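Examining the three-dimensional arrangement
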Amino acid sequence: MNFAFKRTTCRALVVSLLALSFQTAQAGLIGADQAAAGTASPERALVLGSLERAEVIAQLQAAGVDTAAARERIQAMSEQEVHALAQDIQTAPAGGVSTWGWVAIVLVAALVWYYVFRK
């Protein structure tokens with residue numbers, strides 16, 4: 001491989017790493033009063049309801065996740081996590097590819113075209 005290709009590839013990777021957002025996981029202890037609160041919010045019902053769709057069940061099975069385990073995990077989520085997940089479900093694009101996904105697809109296609117057809 002020539003040096004210019006490596007340099008351009010490294011630059012593209014650095015830009016993609018800086019452009020993509022990373023989510024951090026947080027763990028912590030909860031109090032007994034939070035664990036005992038069993039009231040289901042409408043957002044939790046929305047998230048649990050999405051697990052009943054055939055497409056979601058098929059995707060979970062393809063990933064090797066049991067539907068019952070997914071339900072248990074949703075029940076164990078905090079209200080903030082459920083709120084964020086419900087918001088993501090409501091605002092997700094129907095096609096499944098976000099704006100950044102399209103940008104990445106176009107960027108990769110342009111780089112491939114440039115390196116294949118340049119003279």
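The structure this text deals with has already been given above.
Residues numbered from 1 in each chain as written. Predicted model: local features only at pLDDT ≥ 70, side-chain atom pairs only at ≥ 80, totals over all residues. Heavy atoms only, no water.

1. Brief notes about the overall build of the chain
When you go through the chain residue by residue, the secondary structure sums to seven helices and zero strands. For the chain, the succession of helices and strands along the chain, N to C, is α-α-α-α-α-α-α. Here the chain holds 119 residues, and 11% of them are scored as buried. A separation of at least 24 residues holds for 64% of the contacts in the chain among residues at least 6 apart in sequence. (Helix = DSSP H or I, 4+ residues; strand = E, 2+ residues; numbered from the N terminus. Buried < 20%, exposed > 50% of the residue type's maximum accessible area, 1.4 Å probe, protein only. Contact = heavy atoms within 4.5 Å.)

2. Some thoughts on the nonpolar core
The biggest cluster of nonpolar side chains holds nine residues, and these are Val47, Leu48, Leu51, Leu60, Ala70, Ile74, Met77, Val82 and Ala86. Listing elements by their share of this core, those giving two or more residues are α3 (42-50), α5 (67-76) and α6 (79-91). (Core = buried A, V, L, I, M, F, W, Y, C linked by side-chain atoms within 4.5 Å.)

3. Examining the pattern of salt bridges
For the structure shown, the criterion picks out three salt bridges. The partner of Glu55 in a salt bridge is Arg53, with the nearest N and O atoms 3.4 Å apart. (Salt bridge = Lys/Arg side-chain N within 4 Å of Asp/Glu carboxyl O.)

4. Structural notes on the packing of α3 against α6
Each pair of packed helices can be described by the angle between their axes along with the distance between the axes. As a packed pair, α3 and α6 sit with axes 9 Å apart at the nearest point and diverge in direction by 60°. On the basis of the axis angle, α3 is oblique to α6. α6 is crossed by α3, and the crossing has left-handed handedness. Contact residues: Glu43, Arg44, Leu46, Val47 and Ser50 in α3; Glu79, Val82, His83, Leu85, Ala86, Ile89 and Gln90 in α6. Taken together, the residues that form the contact of α3 with α6 break down as six nonpolar, three polar and three charged. (Axes fitted to C-alpha atoms, helices over the stretch in contact; angles between N-to-C directions. Parallel < 35°, antiparallel > 145°, perpendicular 65-115°, else oblique. Left-handed = near helix turned anticlockwise from the far one by under 90°. Nonpolar A, V, L, I, M, F, W, Y, C, P; charged D, E, K, R; others polar.)

5. A closer look at α3
Buried residues of α3: Arg44, Val47, Leu48 and Ser50, and no others. Angular distribution of buried residues about the axis of α3 spans 160°; they occupy a single face of the element. In this structure, the buried side of α3 is in contact with α4 (54-62), α5 and α6. (Arc of directions from axis to C-beta.)

6. A short note on the side chain of Arg44
Structurally, Arg44 can be placed in helix α3. Relative accessible area serves as the criterion here: at 6%, Arg44 is assigned to the buried category. Of the polar contacts made by the side chain of Arg44, one reaches the backbone oxygen of Met77; its length is 3.1 Å. Sequence-distant contacts of Arg44, that is, excluding residues within four places in its chain, are made with Ile74, Gln75, Met77, Ser78, Glu79 and Val82. (Polar contact = N/O pair within 3.5 Å; in protein donor to acceptor, adjacent residues only side chain to side chain.)

7. Things to note about the environment of Val47
As for its placement among the helices and strands, Val47 is situated in helix α3. Classification of Val47 by relative accessible area gives buried; the value is 1%. The sequence separation of Val47 and Ile89 amounts to 42 residues, and the corresponding C-alpha distance is 7.8 Å.

8. Some remarks on a nonpolar patch on the surface
Taken together, the side chains of Val108, Val112, Trp113, Tyr114, Val116 and Phe117 present a nonpolar region at the surface, about 670 Å² in accessible area. We classify Phe117 as exposed; its relative accessible area is 54%. (Patch = residues over 30% accessible without salt bridge, like charges linked within 9 Å, V, L, I, M, F, W, Y side chains within 5 Å. Areas by Shrake-Rupley, 256 points an atom, 1.4 Å probe, with all protein chains shown as cover.)

9. Regarding the packing of aromatic side chains
On inspection of all chains with the given rule, the structure shows three aromatic pairs. When the ring of Phe5 is compared with that of Tyr115, the centres are 4.9 Å apart and the planes differ by 85°; the resulting orientation is edge-to-face. Here Phe5, found in helix α1 (residues 3-19), pairs with Tyr115, found in helix α7 (residues 99-117); they are 110 residues apart in sequence, far enough to count as distant. Note on Phe5: relative accessible area 25%, which makes it partly exposed. Measuring from centroid to centroid gives 6.2 Å for Trp113 and Phe117, while their planes differ by 45°, and the two rings are tilted. Taken together, the residues Trp113 and Phe117, both in helix α7 and four residues apart, mark about one turn of the helix. Assigned by exposure class, Trp113 and Phe117 land together as exposed. (Phe/Tyr/Trp six-rings, centres within 6.5 Å; stacked < 30°, edge-to-face > 60°.)

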